[in-house]
Amino acid sequence: MSTRVTPLSLSAIEQLPAHPRRCVFWEMDPAPAGDARNFCDPEFEKEAWLSMVMLEWGSCAQVATFGDTDDKVAGVAFYAPPNMVPRARLFPTSPVSADAILLTTMRIEPHASDLDVGADLIRAVVTDLVRRNVRALEAFGVRPQEDDRPSAGDVPSTTSARECAPAECMIGADFLEDMGFEVIAPHPRFPRLRLELDRDHGWKEEVEAALERLIEAASLTVEDVTGRTAVGVP
């Protein structure tokens, strides 16, 4: 079964799965977030952050869906300029490069675990950023520790009851490396990885555009030849 990936719109925020709709691991400074835990509404804070980024910068999330009517969410990926992500400055491998957009988190629904959702989401994010002339995509990966849950070494799966934590709200470094990211700031726990979009992906659209022009030209030539032949037939 294939998935369809589309940018998240303001009107569709409520359709996000429970955890990504309420998770503010990246979107709030951890100190104020901890102090406000008893009276802060994380769902409201997440919606406010998404609205702010979308209005000021543009699309900042890709949503994968599947089903006959594309009504089942398979996964979601969030990304934004690092200056809009409070936690981005707090890692031992900070800061994010000035020419890069930060891929913050990606979550896959359990019922979509047999689909290639992670790769589909990365492709959608890259396609969006290449179109916007972004040079690179960076991410803080997480490497598993002995006390982590099994999901920590891969893309976390969505479970609304789980607390926000690195193992739940970050992307596994191994997965990012499989997707072509390279470690540019090593760390045993939180390496920073980078994907060069102009070098590794910018050429793809140019080649595809060139092939489309060749196919179009060939099609016109065939039609022209066919027309001339038809005219000469008694």
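Read on for an overview of the structure.

What counts and what doesn't
- Starting afresh in each chain, residues are numbered from 1 along the sequence in its written order.
- Restriction of local features to residues with pLDDT of at least 70 applies here, the model being predicted, together with a cutoff of 80 or more for giving and counting side-chain atom pairs; totals for whole chains, interfaces and linings are based on all residues.
- The side-chain quantities take in all heavy atoms of the structure and omit both hydrogens and water.
- Only runs of H or I of at least four residues qualify as helices and only runs of E of at least two qualify as strands under DSSP, and these elements are numbered from the N terminus.
- Multiply 1.5 Å by the residue count of a helix minus one, and that product is the helix's expected span.
- The cut-offs for exposure are 20% and 50% of the maximum accessible area for each residue type, with area from a 1.4 Å probe on protein chains only; residues under the lower value are buried, those over the upper are exposed, and the others partly exposed.
- Paired rings are identified among Phe, Tyr and Trp, the last through its six-membered ring, by centres lying within 6.5 Å, and are further divided according to the angle between planes into stacked (under 30 degrees), edge-to-face (over 60) and tilted (the rest).
- Charge over a ring is defined by NZ of Lys or CZ of Arg lying within 6 Å of the ring centre and within 35 degrees of the ring normal.

### Some thoughts on helix H4 (residues 117-131)
An α-helical segment advances 3.6 residues per turn. Residues three or four places apart therefore align on the same side. Helix length check: H4, at 15 residues, gives a terminal C-alpha distance of 21 Å against a target of 21 Å (1.5 Å per residue), a fit within 8%. Burial runs high along H4: 12 of the 15 residues are buried. Here H4 has its buried residues at Val117, Gly118, Ala119, Asp120, Leu121, Ile122, Ala124, Val125, Val126, Asp128, Leu129 and Val130. Once H4 ends, the next one or two residues include Asn133, with phi positive near 65°.

### Brief notes about the packing of aromatic side chains
Throughout the structure, instances matching the rule amount to 6 aromatic pairs. Pairing Trp26 with Phe140 gives two aromatic rings, centres 6.4 Å apart and planes at 20°, and the pair type is stacked. Of this pair, Trp26 sits in the loop between helix H1 (18-22) and helix H2 (30-35) while Phe140 sits in strand S5 (residues 136-142), placing them 114 residues apart in sequence. In terms of burial, Trp26 and Phe140 fall into one category: buried. Taking the centre distance of 5.4 Å and the plane angle of 75° together, the rings of Phe91 and Phe190 count as edge-to-face. Of this pair, Phe91 sits in the loop between strand S3 (72-80) and strand S4 (100-108) while Phe190 sits in the loop between strand S7 (182-185) and strand S8 (192-196), and the two are 99 residues apart along the sequence. With respect to burial, Phe91 and Phe190 carry one shared label: buried. Through successive ring pairs, a cluster of aromatic residues spans Phe25, Trp26, Phe91, Phe140 and Phe190. Cation over ring: Lys46 sits above Phe78, and NZ or CZ is 4.3 Å from the ring centre. A cation over an aromatic ring shows up here: Arg132 above the ring of Trp57, its NZ or CZ 3.8 Å from the ring centre.

### Focus on the environment of Arg107
Along the chain, Arg107 turns up in strand S4. By relative accessible area, which is 2% here, Arg107 ends up buried. When the C-alpha atoms of Arg107 and Ile171 are compared, they prove to be 8.4 Å apart, with 64 residues separating the residues in sequence.

Fair warning: the whole summary comes from geometry, so function is off the table for now.
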